[in-house]
Amino acid sequence: MNNPSEARARLIGGRAIRVDGVDKVTGRAQYPADLYRAGMLFARVLRSPHPHARVKAFDFSAAKAVPGVVGVFCGDDLPSPGLYGLNFADQSPLARTGGKVRYVGDGVAAVAAENPQAAEEALGLISVEYELLPVLRDMHSALAPGAPLMHENRPGNILHSARLRHGDIDAGFSAAKVIVEGTYRTPLVDHAVLQPESGLAYMGEDGRVNLWVATQWAEEDRRQIAEALAIPKEMIHEVVTTIGGAFGRREDISVQIVLCFLAIKTGRPVKLVFSRTESMLACTKRHPFEMHYRAGADEDGKLTAMKIELLADAGAYASTSLVVLNTAVTLATGAYEVPNVTVEAKAVHTNAPVTAAFRGFGSNQPNYAVEMILSRLAEALGMDSAEIRLRNILKTGSIMLTGQKLEGGVGALQSLEAGIAAAKELGLDWNRPRAEGRKRIGVGIACGCKNIGYSLGWDDHSGAVIEAWPDRAVVKIGVCDVGQGSNTIWAQITANELGLPLESVTVARNDSDVVPDSGSSSASRQTFVSGNAVLAAARDAAEKLRALGPEPAPGLLPAIGSYTYHAPTTYPLDPETGQSAKPNYGYGFGCQVAEVEVDIDTGETRVLRIIAAHDVGRAINMTNVEGQIEGGYLMSQGYSISEEYPLVDGKPRAASLAAYVLPTSLDAPEIVPVVVEEPDLYGPLGAKGIGEMTMLPTPGAIGAAIHTAVGVWLDELPMTPERILRAMGKL
Amino acid sequence: MSLHRIKLTVNGRPIDATVPGSMTLLQFLRDELRLTGVKDGCAEGDCGACTVIFNARAAKSCLILAAQADGSEVMTIEGLAGGAEGALHPIQEAFLEMGAVQCGYCTPGMLLTAKAFLDANPHPTRDEARLAISGNLCRCTGYAKIVEAILLASERMHE
Amino acid sequence: MRDFELLVAHNRSQLLDYLAGQPEGRIVAGATDFIPLVGAGKWRPKIAIDISRVRELDGIDESDGTLRIGPLTTHAIAAASSVIRERATALAEASALVADPSIRGRATLGGNICTSSPAGDSLPAFLAIGADLTLASKDGARRLPLTEFFLGPGKNDLRRGEVLERIDVPLLDSTGSAFYKLGRRLAMAIAVVNVAAWVRIEGELIADIRIAMGSVAATPVRCLGAEASIRGSTIAALKRRAADHEWLAELRDDISPIDDVRASGAYRRQVAVPIAERAVLRALERAEAVS
């Protein structure tokens, strides 16, 4: 038997090597496009070239005549209504005659062929007659009186409205010594997961359809596939392959329904692999927001009031926009306590791509606005920009804008103090710019707060099953390891509880026949929620194993531990006041300090150094935590200064990785991760989530640094060289 | 369509094949040789996931016609681990130890870029390592641990 | 990628035969432009002619005051070549900023010229250092100043049955050159604006100057107005005048940038001035250093 304390010291909080690492460095890890099956057909999907149109007629005759083409299908071939969607079933996998396409990239028709060449040729020969409809190019045109309706059951093109009333806003502004006001805009951006969407489907001998795919939540995929294809969920067997990044992108359906449909229709195995351009055209994006903030602070720098208006571009279909907007509302004051707040928020349909989950889930946009406002209030008061944050930061006992009183485990202040301390150590000073030739160098500081897990009354739960032998264990859990390393966390926790070396614990394949539902890999929830499930299941298994005595008979093994963890209950927002006793059961916090260089002639901007201090409650795996901090930071640097998926009258201009400006290794600064551990009240071993929080402070920190460097406030992301020169009056 | 007979060495193994003129080396390696460790991330040279070692240099296999690979020597990720019982290459070990791997999709291309780079420049500076991988996009790691891993591998390989 | 017939040329005479027989053939060398452009349907060749094995089109040679560059020379080779670094510095700097190290190892100078993108990084460098092209066909060869080659975005004076055979650069004493690129990121960047400058000095005078810019017009352009306003002035005056941006006003009339996904025309016009200034001053420093 291993010494448990030694194992614990090594296993928890250390640098355990990821369990899928060897497969990934040897090329053995299989993503869906790497799967082949005898007799396999190759599918392609025709996508709408128009942002808004009605389909008058299809002509498949030429496409069907291509040698090797097995079938050409459109929405008319699907059962009725044949719709899908995470919150509302309003999206058709393929267009129907008389139906509408609502964005460039909307699915129109599908081809299955014996080889990729025939599929491609047929795709080019499909003839579709469209009646072009007026394009809702932005939220304002969608909200204009008399604007055409995107969805007939959504008057005014409004998917969802939310409002919040907290305290007495008028009294708050009366108490203010300074008031600042601004309108902030954020862009449509792409997740740019490195692995384009792909999958393989085939009929089993048992009559079920088998789907192999990279997703964030197999159980939810199956629910939507079943609904769209009008078959029982039990008739869909889904296996999750290795996943090449997700960041929210794989929460929505991409290839799943079309693949299952084609497999059922043709009776043959079918593979569908999106090209990069198809991935960018067809798949979801982050919501553009337009945000108006008016904020007051008293002479001590204490925030007295914030009046907030949020407009979120929900794009063509609902997806999760309702929940994203609610998240934006509940986090509209960022990491700060504000006694008097009003929020008016709307999610509006336009002919943009579907906007949905993307790392941060509606918190990034308001957090950027809040941080810019805080920095401007500090300037207006002549106060140090760290000091104003110290005076308003959330703490245990703080009342949030929803009325929630924070019970404990609040590491916001600790993160801020850690960020300040690290900055001092590195000699970073946000009060003084430096000049080097035509370059000006400034420093900025900002914070962030993101909820952990499902909010507002959803029962957030996860199941785990652990099979234990005296010398090994298997974890069965329906969690998608999207790259963040969750499988390694399960192995670490299990090995720790069972006193086993890490190598003796394996995580079973995420197969809907084998594993329980453990919820989505989203909302920074898996370490917290499934971590609790695994911890309890492992303790259950350990107890049962002990009960079998020192040398259990083989017939009694394995000892099976299982647990379904339900996170603390949360409550929805009151529709009139936006108040809730507990909209969320947990939060994660962070603070970043950015050192940024701006070329005053060209506006070229480089981040030189970044300190990223993040409260993770308890680091289960220090390497993984740092990896989340470094990766989340750089993704948010892209969001802050370079990434944008522009549309011109609904038509995308950057649907390639040449035009969509992701940061390269040369654009990455020196990143100094600082791990703060303020244990959570409910997290396993005190752990919190970390996936999303790492993105939040970045735009505010870089925005403040640009201000320190060249004296201008930018109110729109990305903060491009062009926008900087314009703000400087040089354009 | 034109067909071209090509002879090349892939992972030390001689290959004799006939390919269409419009086939890329990426398609040949994945679809014909089933070397699926070579990843397809964009097929237009922007991401680097398909990087292989082509005649001792890192190259994006999506930007080479298969017919142009006649007479060449190619290494894919499947050829990197070697030695006794497929022991990992020091670069692979370093990637694992440093946490340079997350989703893994950029990893084969990163590793091969790093291998060709360290073969040519055994004692690089940090900035040289950053430059070497500047055509290999990674969306997960922020590149920090990848650069660390390359520097660690460089030390290990010359101890 | 759409299918095409590929002809693989193994030497110059076979290449010229192929070109004579298939004058519509699209030449492919490093393939780093060819594959993405064919893949995106922007080029739709029925026939492609691979010249990557034609050794006569490769190599760098310096003799009789002329630098002769084979079009198959890759950017990696150009950036590392000591003669190019010393005598055609702008070209070495431009090549070192193309795409990323792996693409620089495959992409060729000839390909960069013949793709004729208005943003191609080596093009302003070649224009500034005064390159001439030799274009060969079965019927013979002709020489063309590079300034006359570019006709529009992706369009040039390469005629049916022709291949770019050689790039000649005159090497003069007391000269210096420099390249500056402004992109949206530090690698894998398509230029928002790029600029190259070449200066020849005689004593205290700017005897000759060439400034060329990319991504500011339908083709890479020479900034003839700005050049004329500098040529013949003193070094000291250029340095003084550069400080108050006077001569650079001319430059704004030399260019006609448009809006695209990378930047607006207004931004390009604005930043063209300071980056041209930087390139000119750096070229001048280099000319002074070798005089």
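Residues numbered from 1 in each chain as written. Chains lettered and ligands numbered in written order. Predicted model: local features only at pLDDT ≥ 70, side-chain atom pairs only at ≥ 80, totals over all residues. Heavy atoms only, no water.

Caption draft 1: Quick peek at the overall build of chain B. Scanning chain B from terminus to terminus reveals five helices and five strands. Helices (α) and strands (β) of chain B occur, in sequence order from the N terminus, as β-β-α-β-β-β-α-α-α-α. For chain B, the C-alpha radius of gyration of 15 Å lies close to 15 Å, the compact-globule estimate for 159 residues. Taken across its 159 residues, chain B has 65% of its residues classed as buried. Within chain B, contacts between residues at least 6 apart in sequence are counted, and of these 55% link residues at least 24 apart. In the form shown here, chain B has an accessible surface area of approximately 5,400 Å², with 47% of it arising from carbon and sulfur atoms. (Helix = DSSP H or I, 4+ residues; strand = E, 2+ residues; numbered from the N terminus. Rg over C-alpha atoms; globule rule 2.2 N^0.38 Å. Buried < 20%, exposed > 50% of the residue type's maximum accessible area, 1.4 Å probe, protein only. Contact = heavy atoms within 4.5 Å. Areas by Shrake-Rupley, 256 points an atom, 1.4 Å probe, with all protein chains shown as cover.)

Caption draft 2: Structural detail: the packing of helix α7 (residues 218-229) of chain A against helix α8 (residues 256-266) of chain A. Residues and elements named next belong to chain A. Their axes nearest at 9 Å, the elements α7 and α8 cross at an angle of 55°. What the angle tells us is that α7 and α8 run oblique. Judged by the sense of rotation from one axis to the other, the crossing of α7 with α8 is right-handed. Taking contact as the criterion, the partners of D221, Q224, I225, A228 and L229 in α7 are, on α8, Q256, I257, C260, F261 and I264. Its residues assigned to classes, the contact of α7 with α8 shows seven nonpolar, two polar and one charged. (Axes fitted to C-alpha atoms, helices over the stretch in contact; angles between N-to-C directions. Parallel < 35°, antiparallel > 145°, perpendicular 65-115°, else oblique. Left-handed = near helix turned anticlockwise from the far one by under 90°. Nonpolar A, V, L, I, M, F, W, Y, C, P; charged D, E, K, R; others polar.)

Caption draft 3: Up close: the interface of chain C and chain B. Contacts between the two partners involve 29 residues from chain C and, on the opposite side, 28 residues from chain B. When chain C packs against chain B, the two sides together hide about 2,200 Å² of surface, and 57% of this comes from carbon and sulfur. Summed over the three residues of chain C that lose the most area to chain B, namely C:L6, C:I35 and C:R106, the buried surface amounts to 23% of that side. Counting across the chain C and chain B interface gives one salt bridge. A salt bridge links B:K60 to C:D100; its shortest N-O distance comes to 3.2 Å. Between the two partners, chain C and chain B, sit eight residue pairs in polar contact (both at pLDDT 80 or more). Secondary-structure elements contributing two or more residues to the side of chain C that touches chain B are β1 (5-8), α2 (34-39) and α6 (101-104) of chain C. No other element matches α6(C), which puts four residues into the side of chain C that touches chain B. Taken together, the residues of the side of chain C that touches chain B break down into 15 nonpolar, five polar and nine charged. (Buried area = accessible area lost by both parts, 1.4 Å probe. Salt bridge = Lys/Arg side-chain N within 4 Å of Asp/Glu carboxyl O. Polar contact = N/O pair within 3.5 Å; in protein donor to acceptor, adjacent residues only side chain to side chain.)

Caption draft 4: Region of interest: α8(A). All names here are of chain A. When you tally the buried positions in α8, you get nine out of eleven residues, the bulk of the element. Where α8 is concerned, the buried positions are Q256, I257, V258, L259, C260, F261, L262, A263 and T266. Looking one or two residues beyond α8, the residue adopting positive phi is G267, at roughly 70°.

Caption draft 5: Seen up close, the sheet that holds strand β8 (residues 178-185) of chain A. Residues and elements named next belong to chain A. What the five strands build is an open sheet, ordered β7-β17-β16-β15-β8; its pairing is mixed. A single partner strand is all that each edge strand has here, and the edge strands are β7 (158-166) and β8. Going from strand to strand, the sheet's axes swing by 5° on average, the running direction of each strand aside. Pairing analysis gives nine bridges linking strand β16 (residues 303-315) to strand β17 (residues 341-349), with the strands arranged parallel. Looking at β17, one finds that M306 is bridged to V341. (Pairing = 2+ DSSP bridges.)

Caption draft 6: Structural view of the interface of chain A and chain B. The interface of chain A with chain B comprises 49 residues on the first partner and 43 residues on the second. Counting the surface lost from both chain A and chain B, the interface buries some 3,600 Å², and carbon and sulfur atoms represent 60% of this. Between the two partners, chain A and chain B, sit five salt bridges. Notably, a salt bridge pairs B:K145 with A:E630, separated by 3.5 Å at the nearest N-O pair. Where chain A touches chain B, the interface holds 26 residue pairs in polar contact (both at pLDDT 80 or more).

Caption draft 7: View of the packing of helix α3 (residues 107-120) of chain B against helix α5 (residues 144-157) of chain B. Residue and element names in this part refer to chain B. Contact geometry of α3 with α5 gives a least axis separation of 11 Å together with a crossing angle of 40°. Regarding the angle of α3 to α5, the classification is oblique. The element α3 and its partner α5 pack so that their crossing is right-handed. Across the interface between the two elements, M110, A114, F117, L118 and D119 of α3 pack against I146, I150, A153, S154 and M157 of α5. Residues that form the contact of α3 with α5 fall into these classes: eight nonpolar, one polar and one charged.

Caption draft 8: Just empty space enclosed by the protein, in detail. Residues and elements named next belong to chain A. Scanning all chains against the criterion turns up eight cavities of 30 Å³ or more. Within this model, the largest cavity holds a volume of roughly 570 Å³. Taken together, 39 residues line the largest cavity, and the ones lying closest to its centre are Q484, S524, Q628, I690 and G691. Going through the elements one at a time, α14 (486-498), α15 (526-547) and α16 (622-641) are the ones with two or more residues in the lining of the largest cavity. The leading source of residues in the lining of the largest cavity is α16, at three residues. Partitioned by chemical class, the residues of the lining of the largest cavity number 14 nonpolar, 19 polar and six charged. Approximately 240 Å³ is the volume attributed to the second largest cavity. Lining the second largest cavity are 21 residues, and of these Y84, Q91, Y103, I253 and S254 sit closest to its centre. Broken down by secondary-structure element, the contributors of at least two residues to the lining of the second largest cavity are β1 (41-47) and α8. Within the lining of the second largest cavity, the residues separate by chemical class into eleven nonpolar, six polar and four charged. (1 Å grid on protein atoms, 1.4 Å probe; cavity = no way out; pocket = protein on both sides within 12 Å on 5 of 7 lines; lining within 4 Å. Points joined across faces, edges and corners; volume = space filled by probe spheres on them.)

Caption draft 9: Local environment of the pattern of salt bridges. Tallied over the entire structure, the rule returns 78 salt bridges over all chains. Of the charged contacts, one joins A:E387 and A:R391 as a salt bridge, the two residues approaching to 2.8 Å between their closest N and O atoms. Of the two residues, A:E387 and A:R391 are both situated in helix α12 (residues 385-392); the distance of four residues between them amounts to about one turn of the helix. A network of salt bridges, in which partner residues are shared, links A:R15, A:E626, A:E630 and B:K145.

Caption draft 10: Region of interest: unusual backbone geometry. Geometrically, the link from A:S80 to A:P81 is a cis peptide bond, its omega value of 0° lying close to zero. Within the secondary structure, A:P81 is located in the loop between β3 (69-74) and β4 (100-101). Cis geometry marks the peptide bond from A:L557 to A:P558; its omega dihedral reads 0°. Within the secondary structure layout, A:P558 lies in the loop between α15 and β23 (559-566). Not every positive phi belongs to a glycine, and A:D649 is a case in point at roughly 50°. Here A:D649 lies in the loop between β26 (647-648) and β27 (651-652). The residue B:A56 is not glycine, and still its phi comes out positive at about 75°. Residue B:A56 is classed as exposed on the basis of its relative accessible area of 61%.

Caption draft 11: Representation of the packing of aromatic side chains. Residue and element names in this part refer to chain A. All chains considered together, the criterion is met by twelve aromatic pairs over all chains. With centroids separated by 5.0 Å and ring planes inclined at 40°, the aromatic side chains of F528 and Y585 adopt a geometry described as tilted. Of this pair, F528 sits in helix α15 while Y585 sits in the loop between β23 and β24 (587-599), placing them 57 residues apart in sequence. Accessibility classification places F528 together with Y585 in one group, the buried group. (Phe/Tyr/Trp six-rings, centres within 6.5 Å; stacked < 30°, edge-to-face > 60°.)

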